[in-house]
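One-letter residues, chain by chain:
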Amino acid sequence: MKLPVSLFVFALLFSFLSATLAHTHENFLQCLTLYSKNDSISEVIYTSANSSYSFVLESSIRNPRFSTPSTPKPLVIVTPLGVSQIQEILSCAQKHGMQVRVRSGGHDYEGLSYVSPVPFVILDMINLRKISIDVENSFAWVQSGATLGELYYEIAEQSKTLGFPAGLCPTIGVGGHFSGGGYGTILRKYGLAADHVIDAHLIDVKGRFLDRKSMGEDLFWAIRGGGGASFGVIVAWKIKLVPVPSTVTVFTVNKNLEQNATKILHRWQYVADKFDKDLFIRVVLTGANSSQEGKKTVQAAFNSLYLGGKDKLLPLMQEGFPELGLVNEDCEEMSWIQSILYFAGFPSGQSLDVLLNRTMTVISYKAKSDYVKNPIPESGLEGIWQRFYEIETELAGLILTPYGGKMSEISESAIPFPHRAGNIYKIQYLVYWSEEGTAATESHVSWIRRLYAYMAPYVSKSPREAYINYRDLDIGTNNEGNTSYRQASIWGTKYFTNNFKRLVHVKTVFDPTNFFRNEQSIPPLS
């Protein structure tokens, strides 16, 4: 029986591609073995022939959308134990045409830290997670493979009055979080995590081990909020810890539409960025069952941290936001580290050891983001409510994070993160689903895109801004291979506005061949 010509050509092409990939893969592994200073490199290499390969690959995948049979898989995963092994990985990858994806916590919203359309190796930082705290001088060295939970735990073990302005989810790796401008509940008091990075250890495209002094201020500027994986492999960060009071106060007040949520939320927009810096009140919007049987409503959860006791918080709220109706019984006093557990969703009384757990329940999701510079009118909010009545919103939500305070005081060019003065709050749109298959994915992704389109009149414009750490490939992607500055600026300016040209300059100087790249990385000027 003869094969049709087209099938024969396809089979030939597939065989050639498979042979090429195998050749690339084998050459890369031989290179690592040859250049390794000792035999330990073999202990941290995983290929599909290794029984632990799938476990290591999936251990840090937080979104099952990028863990399907058709998802491109790495030819090799390496979990280096130190700087020399990272240098060897980079050298061999360049010699044998392997793209490198660096993964710390695996929370990349589009899976770009562990997925690539071209032959690639994952450089997983999980073994590089050492944390050293200097309480006397209020700083810490944190390796990029550590999680926020591990960092918070170590701080709390040594001090009750030191904290750090980073994120709410304890399983996030510090590498991507710091380099993309990560934030948490004390951003109005202290700004971003990246605002408190005072040194770093980085391995560049030439394999050089650099600190702040040897890398220079341009590169040090770029990695603090510009997406560090565009410029090298950041091994460790020196961060300045911040003072926190021995007692903080938290509250969560829920209001649904029948309880005047629309008017209360509308008012929140006028005061959220103007509160005292010690007060942070975000709003989480979700669908809920109405008190009227068979009907749905929308719930607004006003979720707050105050850096002080409730004796001072209650008068502040009565003066600045009486519409919420906060009362003493709504408030709970605790330590700062306990507030970390509270915002992470752990029950009261949970042991701090839970912060050391790197595993989490995974569920498919899609996210997008926006910045709001002028309050959305009540009619605009009511349009959002209508979209919560659609079938896809069972596990959907919006998180409104207030700015102002310290965020308005730091120049937009101090680090690459430009979203400073002029922003009332940031919106994160999220939709989750547990159903498998492309139909469920397409349905839920279509819903969030429709909501995003509806929001256009109410959010930032020219450009419509987005938050880099909430990766969103809908905004735009680089082409495979070399991407020009002109092409990338279409999406790049949406992230970095006036900082984009400086980032491109740094990229051109330190990585002119664009070795460190992915679908939304900074390209060199070419």
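Keep in mind that this is a model prediction, so the values were computed, not measured.

Undergrad: Got a minute to help me understand the nonpolar core in this structure?
TA: Within soluble globular proteins, side chains that are nonpolar tend to cluster in buried spots. Phe-164, Phe-178, Leu-219, Ile-223, Trp-237 and Ile-239 are the most contacted members of the largest nonpolar core, which has 74 residues in total. Sorting elements by how many residues they give to this core places helix α4 (residues 148-158) first, with 6 residues. When near neighbours in sequence (up to four residues on either side) are disregarded, Trp-237 contacts Ala-140, Trp-141, Val-142, Ser-144, Val-174, Gly-175, Phe-178, Ser-179, Val-197, Asp-199, Ala-200 and Ile-223. In terms of nonpolar packing, the next biggest core, distinct from the first, is built from 47 residues, Leu-279, Val-298, Cys-331 and Ile-424 among them.

Undergrad: What is the right way to look at the UniProt feature "domain: FAD-binding PCMH-type" (unreviewed entry) in the chain in this model?
TA: Within the UniProt annotation, "domain: FAD-binding PCMH-type" (unreviewed entry) is assigned to residues 70-244. Helix makes up 26% of residues 70-244 and strand 25%, whereas the separation of the span's terminal C-alpha atoms amounts to 47 Å.

Undergrad: I would appreciate a short explanation of the packing of helix α12 (residues 378-387) against helix α14 (residues 438-455) in the present structure.
TA: To characterise two packed helices, one gives the angle between the axes of the helices and the distance between these axes. Two elements in contact, α12 and α14, have axes separated by 11 Å at closest approach and are oriented at 170°. Considered as vectors, α12 and α14 are oriented roughly antiparallel to each other. Residues Ser-379, Gly-380, Gly-383, Ile-384 and Arg-387 of α12 pack against Trp-447, Arg-450, Leu-451, Tyr-454 and Met-455 of α14. A class-by-class count of the residues in the contact of α12 with α14 yields 5 nonpolar, 3 polar and 2 charged.

Undergrad: Where do I start with the packing of helix α9 (residues 261-271) against α12 in this structure?
TA: For the pair α9 and α12, the least separation of the axes is 10 Å and the interaxial angle reads 125°. Here α9 lies oblique to α12, going by the angle between them. The interaxial crossing formed by α9 with α12 has right-handed handedness. Where α9 approaches α12, its residues Thr-262, Lys-263, Leu-265, His-266 and Gln-269 are matched on the opposing element by Glu-378, Leu-381, Glu-382 and Trp-385. Partitioning the contact of α9 with α12 into residue classes produces 3 nonpolar, 3 polar and 3 charged.

Undergrad: Please explain the pattern of salt bridges as it appears in this structure.
TA: A side chain of one charge can pair with a side chain of the opposite charge if their charged atoms are brought near each other. All chains considered together, the criterion is met by 27 salt bridges. A salt bridge links Arg-471 to Asp-108; the shortest N-O distance between them is 3.4 Å. Here Arg-471 is found in the loop between α14 and α15 (485-496), whereas its partner Asp-108 is found in the loop between β3 (99-103) and β4 (120-124), with 363 residues between them in sequence. As far as burial versus exposure is concerned, Arg-471 and Asp-108 are alike and both buried. Across the salt bridge formed by Glu-390 and Arg-450, the nearest N and O atoms sit 2.7 Å from each other. Of this pair, Glu-390 sits in the loop between α12 and β17 (396-402) while Arg-450 is found in helix α14, placing the two residues 60 residues apart along the sequence. Residue classification places Glu-390 among the partly exposed residues on the basis of a relative accessible area of 26%. The class of Arg-450 is partly exposed, set by a relative accessible area of 37%.

Cut-offs and rules
- Residues numbered from 1 in each chain as written.
- Predicted model: local features only at pLDDT ≥ 70, side-chain atom pairs only at ≥ 80, totals over all residues.
- Heavy atoms only, no water.
- Core = buried A, V, L, I, M, F, W, Y, C linked by side-chain atoms within 4.5 Å.
- Buried < 20%, exposed > 50% of the residue type's maximum accessible area, 1.4 Å probe, protein only.
- Helix = DSSP H or I, 4+ residues; strand = E, 2+ residues; numbered from the N terminus.
- Contact = heavy atoms within 4.5 Å.
- UniProt positions renumbered as here; feature names shortened; annotations may be inferred.
- Axes fitted to C-alpha atoms, helices over the stretch in contact; angles between N-to-C directions.
- Parallel < 35°, antiparallel > 145°, perpendicular 65-115°, else oblique.
- Nonpolar A, V, L, I, M, F, W, Y, C, P; charged D, E, K, R; others polar.
- Left-handed = near helix turned anticlockwise from the far one by under 90°.
- Salt bridge = Lys/Arg side-chain N within 4 Å of Asp/Glu carboxyl O.

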